[in-house]
Amino acid sequence: MLATLDNPSYAVEWTTKEMLNQPKIMRRAIEEIDNVIGNNRLVQESDMPQLNYVKACIKESFRLHPLSAFNAPHVSVSDSVVGEYFIPKGSVVLLRRLGLGRNPRVWDNPTKRKLHSTSRSFFLSAVTVIFSYFSLLIFLLLQLLSSSCASIDSNVPKSDVDLLEFPLNLEYTEAEFFLWGSFGRGLDSFAPELADGGPSPVGARIAKLSSIIRDVIAQFGFQEVGHIRAIKNTIAGFPRPLRNLSSEAFATVMNDAFGHPLEPPFNPYANDINYLLVSYVIPYIGLTGYVGANPKLHSPTAKTLLAGLLGVESGQDVVLRTLLYERGRENVEPYGIAVAEFTNRISELRNKLGRRGLKDEGLKVNPAVGAEGKIRGSILAGDKYSLSYDRMPEEILRIVYVSGNENKPGGFYPKGADGQIAKSYLGLGGN
């Protein structure tokens, strides 16, 4: 009786411990459960054929942590030679399970959990028999996994999770851009756990900034780290995606904004004005994304988080636009083009790429577009009622890919954005 309770409980503990130590494996198992079972019912025996990754996790745990040290005794019915050992007839033979599952001549790095290839067998045949016998253990673990996912926040429905997950793409980009610009190093130095093993950005480097601008940008950087932390404390999120923050990537945006190559190529890291202009390129997109997501959220938890994120993102946009507005008549050298004109061209490009009409304004606009239709200055962008513009995920992807196509990665995201919503546009089905 004791074994029927004790062995499965130990197996669950070992399996959970191994998966907690490798968050990527845990996340993938949870995602498989979400995809197959969803959040509205418990797992059924009929679900098992579709839960291949979860089953592989269980089997791999049996390899590493068998339920008992030895197999049941067997008696040799004839003289035998196994390896270099002679086993006389009538010998009692005990097979050591740990020796089978952790043999370095069979397994590469045998003590590490390996689930990267679905084509490889993860377990020995003896372990398969044990796994079949304890098939109910899978159901126990499934409930643990579902609970671990829910423990992040059981009050956030799947639709809200997707909407909160999507902005991580921009939050990662802003955090890296601001940290690198001010300190010359990014998340890998300040909060590597948030990167979650994702690739470092391409081409990011420290900018030549005055002390006051460097201080402002450094504050922005740490604020974005807090945003990533807040989102990932609420939902599982995803590892840092690959971003291109090179001078060439920003120069391409500026060339597209003016309709011809700037000579010399625009260098975002050269000075205060250049860096503030490229800071104008991305963060405002995230702000409009939060405005667009707001009416689609259902849970109080998600709405509260979004309100907090939107408040600080809006503040950052105000600071950037004010700093640029103050310099609006200055020329961006060596091009001889005013700062205000740069902002107008960038906003026009974002409107063009987004393909949803006017949702962006530079620092100087036609008075008919200004507040109450009476003023040229546009220190804050807003619609005819001076309310923030909104953008949907597909609009944001068109802009940050710099392709005008949510199905065509590029620009700042060479391999595309991550998350359920972004991947759905790449034909990957999400997750």
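Keep in mind the model is a prediction, meaning the values are calculated, not measured. (Residues numbered from 1 in each chain as written. Predicted model: local features only at pLDDT ≥ 70, side-chain atom pairs only at ≥ 80, totals over all residues. Heavy atoms only, no water.)

### Thoughts on the overall build of the protein chain
Put simply, the test is: Here a helix means four or more residues in a row that DSSP labels H or I, a strand means two or more in a row labelled E, and each is numbered from the N terminus. For this analysis, residues touch if any pair of their heavy atoms sits within 4.5 Å. Areas reported as accessible are Shrake-Rupley estimates using a 1.4 Å probe. Residue values count occlusion only from the protein chains shown.
Within the protein chain one finds 18 helices and 6 strands. Contacts spanning at least 24 positions in sequence make up 69% of the contacts within the protein chain whose residues lie at least 6 apart. A total accessible area of about 20500 Å² is found for the protein chain, and carbon and sulfur atoms account for 57% of it.

### Overview of the packing of helix α8 (residues 168–183) against helix α14 (residues 283–293)
Pairs of packed helices are described in terms of their axes, by the angle between the two and the distance that separates them. Our working rule: For helices, the fitted axis covers only the stretch in contact; all axes are lines through C-alpha atoms, and the angles between them, taken along N-to-C directions, range from 0 to 180 degrees. Each angle receives one of four descriptions, namely roughly parallel if under 35 degrees, roughly antiparallel if over 145, roughly perpendicular if within 65 to 115, and oblique otherwise. Left-handed is the label given to a crossing in which the near helix is rotated counterclockwise from the far helix by less than a right angle, and right-handed is the label when the rotation is clockwise. The classification used treats Ala, Val, Leu, Ile, Met, Phe, Trp, Tyr, Cys and Pro as nonpolar, Asp, Glu, Lys and Arg as charged, and all other residues, Gly among them, as polar.
Running from amino to carboxyl end, α8 crosses α14 at an angle of 150 degrees, the nearest separation of the two axes being 10 Å. It follows that α8 is roughly antiparallel to α14 by the angle criterion. The two elements α8 and α14 cross, and the hand of that crossing is left-handed. Counting all contacts with α8, which are made through L170, E171, E174 and F178, the residues of α14 involved are P283, I285, G286 and Y290. Per-class residue counts for the contact of α8 with α14 are 5 nonpolar, 1 polar and 2 charged.

### A few points about the confidence of the model for the protein chain
Inclusion rule: Confidence scores labelled pLDDT are given residue by residue by the predictor and lie between 0 and 100.
On average, the protein chain scores 85 in pLDDT, and the residues at 70 or more come to 85%. Note on residues 147–151: pLDDT is under 50 here. Beyond four places in sequence and across chains, it has 4 contacts.

### Observations concerning a nonpolar patch on the surface
Spelled out, the test is: Grouping into patches uses exposed residues only, defined as over 30% relative accessible area, and leaves out salt-bridged ones; the cut-off is 9 Å for like charges and 5 Å for nonpolar side chains (Val, Leu, Ile, Met, Phe, Trp, Tyr). A pairing counts as a salt bridge when a side-chain nitrogen of Lys or Arg comes within 4 Å of a carboxyl oxygen of Asp or Glu.
On the surface, a nonpolar cluster with roughly 310 Å² of combined accessible area is contributed by V318, Y325, I379 and L380. Summarising the element assignment, I379 is placed in the loop between α16 (339–354) and α17 (393–400).

### Details of the side chain of D317
With respect to the helices, strands and loops of the structure, D317 is situated in helix α15 (residues 300–326). For D317, the contacting residues outside a window of four places in its chain are Y284 and L287.

### Regarding the environment of S91
The cut-off we apply is this: Polar contact is defined as a pair of N or O atoms within 3.5 Å, subject to the rule that within protein one atom must be able to donate a hydrogen and the other to accept it, and that residues adjacent in sequence are counted only when both atoms are side-chain atoms.
Tracing the backbone through its elements, the reader meets S91 in the loop between β3 (85–87) and β4 (92–93). Note: C-alpha distance between S91 and S80 (11 residues apart in sequence) is 9.9 Å. Ignoring any residue separated from it by four or fewer positions in sequence, one finds S91 in contact with H74, V75 and S76. In this structure the side chain of S91 is engaged in a polar contact, spanning 2.8 Å, whose partner is the backbone oxygen of P88.

### Remarks on empty space enclosed by the protein
This is how the line gets drawn: A cavity here means a set of 1 Å grid points, computed over protein atoms only, where a 1.4 Å probe fits but cannot escape. A pocket is an open set with protein on both sides within 12 Å along at least 5 of 7 lines, and lining residues have an atom within 4 Å of a point. Grid points are joined across faces, edges and corners, and a volume is the space filled by probe spheres set on the points.
Summed over all chains, the structure comprises 5 cavities of 30 Å³ or more. Approximately 110 Å³ is the volume found for the largest cavity. What lines the largest cavity is a set of 14 residues, and nearest its centre among them are F166, G289, A293, P393 and I396. Elements with a minimum of two residues in the lining of the largest cavity: α14 and α17. Considered as a void within the structure, the second largest cavity measures approximately 80 Å³ in volume. Lining of the second largest cavity is provided by V253, V281, I282, I285, I346, L349, R350, L353, I399, V400, V402 and F412. Where the lining of the second largest cavity is concerned, the elements lending two or more residues are α16 and α17. Considering each element in turn, the lining of the second largest cavity owes the most residues, 4 residues, to α16.

### Notes on the pattern of salt bridges
Put simply, the test is: Only protein chains enter the area calculation, which uses a 1.4 Å probe; residues under 20% of their type maximum are buried, those over 50% are exposed, and those in between are partly exposed.
Taken as a whole and judged by the stated rule, the model has 17 salt bridges. Here R243 and E176 are joined by a salt bridge, their closest N and O atoms 4.0 Å apart. Here the residue R243 occupies a position in the loop between α11 (211–234) and α12 (247–258), and E176 occupies one in helix α8, the gap between them amounting to 67 residues. Between R356 and E395 there is a salt bridge; the shortest N-O distance is 3.5 Å. A residue pair is termed long-range when its members are at least 10 positions apart, and R356 in the loop between α16 and α17 and E395 in helix α17 qualify at 39 residues. Overall, the relative accessible area of 41% leaves R356 in the partly exposed class.

### Comments concerning the environment of Y413
By the secondary structure assignment, Y413 is in the loop between α17 and α18 (420–425). Residues Y413 and L245, 168 residues apart in the sequence, show an inter-C-alpha distance of 9.1 Å. Apart from the residues within four sequence positions on either side, Y413 is in contact with N169, L170, T173, L242, R243, V400 and Y401. Within the local environment of Y413, its side chain forms a polar contact with the backbone oxygen of N169, the two atoms lying 2.8 Å apart.

### Focus: α8
Put simply, the rule is: Take the residue count of a helix, subtract one, and multiply by 1.5 Å to get its expected span.
Taking 1.5 Å of rise per residue, the 16 residues of α8 would be expected to cover 22 Å, and the 22 Å separating its terminal C-alpha atoms lies within 8% of that figure. Across the 16 residues of α8, 14 count as buried, placing the element largely inside the fold. G184, located one to two residues past α8, shows a positive phi value of around 80 degrees.

### Topic: the nonpolar core
Note the following rule: Side-chain atoms within 4.5 Å link the members of a nonpolar core, which is a set of buried Ala, Val, Leu, Ile, Met, Phe, Trp, Tyr and Cys residues.
Among the nonpolar cores identified, the biggest contains 82 residues, and M254, F266, L277, F342 and F412 are the most heavily contacted of them. Considering each element in turn, this core owes the most residues, 8 residues, to α15. Setting aside anything within four residues of it in sequence, one finds F342 in contact with M254, F258, L262, F266, L277, V332, Y335 and I337.

### Digging into the packing of aromatic side chains
Under the convention used in this document: Side-chain rings of Phe, Tyr and Trp (the six-membered ring for Trp) are treated as a pair once their centres are within 6.5 Å; stacked means planes under 30 degrees apart, edge-to-face means over 60, and tilted covers the remaining angles. To sit over a ring, a charge needs its Lys NZ or Arg CZ within 6 Å of the ring centre and within 35 degrees of the ring normal.
Under the counting rule described, the total for this entry stands at 16 aromatic pairs. Summarising the aromatic geometry, the rings of F177 and F178 are spaced 5.8 Å apart at their centres and angled 50 degrees between planes, so their arrangement reads as tilted. Exposure remark for F177: the relative accessible area of 6% places this residue in the buried category. With a centroid separation of 5.4 Å and 65 degrees between ring planes, the pair formed by F178 and F220 is classed as edge-to-face. With F178 in helix α8 and F220 in helix α11, the pair connects residues that are 42 residues apart, well separated along the chain. Considered together, F178 and F220 belong to a single accessibility category, that of buried residues. Here a set of aromatic residues connected by ring pairs shows up, and it is made of F177, F178, F220, F250, Y269, Y275 and F412. Taking the ring centre of Y280 as reference, the NZ or CZ of R350 above it sits at 4.8 Å.

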